[in-house]
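# Summary of structural features
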Amino acid sequence: MPYLSFFFGGSLDYGPVLDKLKVKDRTPAEVATTLEAFAQDIERDPEARAFTAPALDAFARGFCERNGWKNKDLFMLLRVAVTGRTASPSLFDTMALCGKDRCRLRIRDVVALLRTQKA
């Protein structure tokens, strides 16, 4: 059960995975801005707004391409933000199961945390 607790709670403790929110050649402010844009852009995309795993996957890949991010970098950030862990079931299935509101809350929490970090 502890491994899957992120499916049921609200906010998470990111202390143990704080170092995983760092991306090579990106400042914490840049990472925060990107995560914030990702969460906002989902609402502008009719398919992604449905919050299904296939739609989230397609949206995330397109977001990376449009914004000059590597998939692996953004996907790890999303995994850590949504689950508080570096390993979980399939990212987009996990996001769909956690639900839009829980994912947005956690992404906002990570954005706020990153905004307190120094470059």
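Here goes a summary of the coordinates provided.

### Re the environment of Asp101
The topology assignment puts Asp101 in helix H6 (residues 100-115). Given a relative accessible area of 57%, Asp101 falls into the exposed group. Taking the C-alpha atoms as reference points, Asp101 and Asp41, 60 residues apart in sequence, are found 14 Å from one another.

### So, the pattern of salt bridges
The tally for this structure, following the rule as stated, stands at six salt bridges. In this structure, Asp57 and Arg61 form a salt bridge, with 2.5 Å as the shortest nitrogen-oxygen distance. Linking Asp57 with Arg61, this pair stays in helix H3 (residues 53-67), spanning four residues, or about one helical turn. Note on Arg61: relative accessible area 40%, which makes it partly exposed. Note that Asp101 and Arg104 form a salt bridge whose closest N and O atoms lie 3.7 Å from each other. Note that Asp101 and Arg104 are positioned in helix H6 at a spacing of three residues, about one turn of the helix. When salt bridges with common partners are traced through the structure, they connect Glu43, Lys100, Asp101 and Arg104 into a single cluster.

### Some points on the packing of helix H1 (residues 28-44) against H6
Running from N to C, H1 and H6 point in directions that differ by 160°, and their axes come no closer than 8 Å. In terms of orientation, H1 lies roughly antiparallel with respect to H6. The handedness of the crossing between H1 and H6 is left-handed. Along the contact surface, H1 presents Pro28, Ala29, Val31, Ala32, Thr33, Leu35, Glu36, Phe38, Ala39 and Glu43, while H6 presents Lys100, Arg104, Ile107, Val110, Val111, Leu114 and Arg115. Here the residues of the contact of H1 with H6 sort into 11 nonpolar, one polar and five charged.

Procedures and definitions
- Residues numbered from 1 in each chain as written.
- Predicted model: local features only at pLDDT ≥ 70, side-chain atom pairs only at ≥ 80, totals over all residues.
- Heavy atoms only, no water.
- Helix = DSSP H or I, 4+ residues; strand = E, 2+ residues; numbered from the N terminus.
- Buried < 20%, exposed > 50% of the residue type's maximum accessible area, 1.4 Å probe, protein only.
- Salt bridge = Lys/Arg side-chain N within 4 Å of Asp/Glu carboxyl O.
- Axes fitted to C-alpha atoms, helices over the stretch in contact; angles between N-to-C directions.
- Parallel < 35°, antiparallel > 145°, perpendicular 65-115°, else oblique.
- Left-handed = near helix turned anticlockwise from the far one by under 90°.
- Contact = heavy atoms within 4.5 Å.
- Nonpolar A, V, L, I, M, F, W, Y, C, P; charged D, E, K, R; others polar.

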